[in-house]
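# A closer look at the structure
Listed here are the chains, written in short residue letters.
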Amino acid sequence: MPTPPVILAFESSCDDTGVAVIRGREVLSNVIANQAIHEAYGGVVPELASRAHAQNIVPTLMSALEKAQVQVDDIQAVAYTRGPGLMGSLHVGAAFAKSWAWAHGLPMVPVNHMQAHILAHFLEPDPAPEFPFLCLTVSGGHTQLVRIDSPLDMTILGETKDDAAGEAFDKVAKLMGLPYPGGPVLDRLAGEGRSDAFRFTKPQVPGLDMSFSGLKTQIWQFLQQNVQQNDQFVEQRKTDIAASVQHAILEILMDKLEAGVERTGIERVAIAGGVSANRGLRARLQAKSDGANWQVFIPPMAYCTDNAAMIAVAGSMLYEAGFSGDLADEPVPRWTF
Ligand code: KG4
Ligand code: ZN
């Protein structure tokens, strides 16, 4: 049997600089430099993100190579995030990855970040889904329900018409005065509150598409009204608000996931992307495996939020299928498939 290829991968679509090395589906190293600078601004500042990528990329690469215990000669291909993402951030990673590959005479494999979130399910040691399967990809910039027939054949069945689910978490957290990124903070608070304390109405969106901006406006009005009557309202009820908001977001996601299963008849269901780290969403999906006979795939925490191991496995699958790019490939900040 031929030895599985060793792939070096770079991720720089937003505010995390990631470098990983994998052999086949085995992760040899997966290093991430988080950019704390954005916390002070309550959101990602694109210019600062690009500068931080430029500073972090070499030390992150050195650390990933050292941890993986591989020699440069062992590497067969270099994968990198071509898009979607912030233009400046993508440029730093893409230019560096392509130059490094070129200097070492290696193929360079451009990867779609959203497809990579899904393909993270093929990393060892967890069992990989069989084809076809459905994946709800929920991140800070995207929310998509995808049918996967093969690593190279993915169809978006539905997606958000406005804000992404992660964006909804982050924006509501900001309205509540919580630190950025709000998703994980809201998740933690929600675990201590009552999800039926406050009710929000669900948007009516046809088919498998979704919408979160109406919910955000509704919550904003709800907070304003209550704060007018009691300026300590958010502080006093923060866990109940968080649990109710999380419940409202998860209801939208689970409704569409159920509709997708019904429409396609596919009961193999995965979640991916930053919001798949949400404990409430993970529990709701797990319940479907126990109650509705779905076969569910929940990614390990390390592969939910942005990381380069997922870029590596996507790159490896493309490389094995004979795909590679060249120096002329430009980043694609809005890249659908
Ligand atoms: O996939 P990701 O790391 O980056 C993008 O590609 O956007 O997703 C980041 C998003 C942020 O909106 C963050 O608040 C959200 O994922 N997130 C969460 C949790 N952890 C991260 N949202 C809800 N609950 C969490 N535990
Ligand atoms: Zn992402």
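Okay, so let's go over this structure. Remember, it's a predicted structure, so these values are computed and weren't measured experimentally.

The subject of this paragraph is the overall build of the protein chain. The helix and strand inventory of the protein chain stands at 9 helices and 10 strands. The C-alpha atoms of the protein chain give 20 Å as radius of gyration, which agrees with the globular expectation for 337 residues (20 Å, within 12%). If one aligns the C-alpha atoms of the protein chain with their principal axes, the spans along those axes are about 65 × 45 × 30 Å. Counting all 337 residues of the protein chain, 52% fall into the buried class. Relative to all contacts within the protein chain whose residues are 6 or more apart in sequence, the contacts with residues 24 or more apart total 72%. On the protein chain, roughly 14,900 Å² of surface is accessible, and the fraction owed to carbon and sulfur atoms is 50%. Taken together, the 25 basic and 37 acidic charged side chains of the protein chain have centroids lying 5 Å from each other.

Our next topic: the pattern of salt bridges. Under the definition given, this model contains 16 salt bridges. Salt-bridge contacts for Lys202 lead to Glu251; the nearest nitrogen and oxygen are separated by 3.5 Å. Here Glu251 lies in helix H7 (residues 233-264) and Lys202 lies in the loop between helix H5 (182-190) and helix H6 (213-229), a separation of 49 residues in the sequence. Put simply, Lys288 and Glu258 hold a salt bridge, and the shortest N to O gap is 2.9 Å. Placement of Lys288 in helix H8 (residues 279-291) and of Glu258 in helix H7 is noted, with a sequence separation of 30 residues between them.

Tallied over the entire structure, the rule returns 8 aromatic pairs. Ring centres of Phe122 and Phe133 lie 6.2 Å apart, and the angle between their planes is 50 degrees; this geometry places the pair in the tilted category. Separated by 11 residues along the polypeptide, Phe122 in the loop between helix H3 (113-119) and strand E6 (133-138) and Phe133 in strand E6 bring together distant segments of the chain. By relative accessible area, Phe122 is classed as buried at 10%. For Phe133, a relative accessible area of 0% puts it in the buried group. When the ring centre of Trp335 is taken as reference, the NZ or CZ atom of Arg82 above it lies at 5.9 Å. The positively charged end of Lys288 is found above the aromatic ring belonging to Trp294, 5.1 Å away from the centroid.

Attention now moves to the pairing of strand E9 (residues 268-272). Within E9, 4 of the 5 residues are buried, which leaves the element mostly enclosed by the surrounding structure. Two elements, E6 and E9, share 4 bridges in a ladder whose sense is parallel. Paired with Cys135 across the two strands is Ala270, which belongs to E9. The pairing of E9 with strand E10 (residues 295-297) spans 3 bridges and is classified as parallel. Directly across from Arg268, in E10, lies its bridge partner Gln295. This β-α-β element, E9 to H8 to E10, shows right-handed connectivity.

The subject of this paragraph is the packing of H5 against H7. The description of two helices packed together rests on the angle between their axes and the distance between the axes. Relative to each other, H5 and H7 sit at 110 degrees, their axes nearing to 7 Å. The orientation of H5 relative to H7 falls into the category roughly perpendicular. Only Lys238, Thr239, Ala242, Ala243, Val245 and Gln246 of H7 make contact with H5, whose side of the interface consists of Leu186, Asp187, Leu189 and Ala190. Looking at the contact of H5 with H7 residue by residue, the class counts come to 6 nonpolar, 2 polar and 2 charged.

About the cut-offs
Position labels on residues start from 1 in each chain and follow its written sequence. Here every chain gets a letter starting at A, and every ligand a number starting at 1, in the order they are written. Where totals are concerned, whole chains, interfaces and linings use all residues; where local detail is concerned, this predicted model gives features only for residues with pLDDT of at least 70, and gives and counts side-chain atom pairs only at 80 or more. Each side-chain value is derived from all of the structure's non-hydrogen atoms; neither hydrogens nor water enter the calculation. Strands here mean DSSP runs of E at least two residues long; helices mean DSSP runs of H or I at least four residues long; both are numbered from the N terminus. To get the radius of gyration, use the C-alpha atoms; to get the globule rule, take the number of residues to the power 0.38 and multiply by 2.2 Å. Relative accessibility under 20% of the residue-type maximum defines a buried residue, over 50% an exposed one, and the middle range a partly exposed one, all with a 1.4 Å probe and only protein chains included. Any two residues whose heavy atoms approach within 4.5 Å at even a single point are treated as in contact. Calculation of accessible area relied on Shrake-Rupley with a 1.4 Å probe; when residues are assessed, cover is drawn exclusively from the protein chains displayed. For the purpose of counting charges, residues Lys and Arg are taken to be positive, whereas Asp and Glu are taken to be negative. His and the chain ends are not included. To locate a charge, the coordinates of NZ of Lys, CZ of Arg, CG of Asp or CD of Glu are taken. When a carboxyl oxygen of Asp or Glu lies within 4 Å of a side-chain nitrogen of Lys or Arg, that pair is called a salt bridge. Stacked, tilted and edge-to-face are the three classes applied to pairs of Phe, Tyr and Trp rings, where Trp contributes its six-membered ring and a pair requires centres within 6.5 Å; stacked means planes under 30 degrees apart, edge-to-face means over 60, and tilted covers the rest. Any Lys NZ or Arg CZ found within 6 Å of a ring centre and within 35 degrees of that ring's normal is scored as a charge over the ring. Two strands are said to pair when DSSP picks up at least two bridges between them. For crossovers, right-handed means that the path from the first strand over the helix to the second runs clockwise, given strands pointing away from the viewer. Orientation is described by axes fitted as lines to C-alpha atoms, over the contacting stretch for helices, and by angles from 0 to 180 degrees between their N-to-C directions. Orientation is classified from the angle alone, with under 35 degrees giving roughly parallel, over 145 giving roughly antiparallel, 65 to 115 giving roughly perpendicular, and any other angle giving oblique. Residue polarity follows a fixed list, in which Ala, Val, Leu, Ile, Met, Phe, Trp, Tyr, Cys and Pro are nonpolar, Asp, Glu, Lys and Arg are charged, and the others, Gly among them, are polar.

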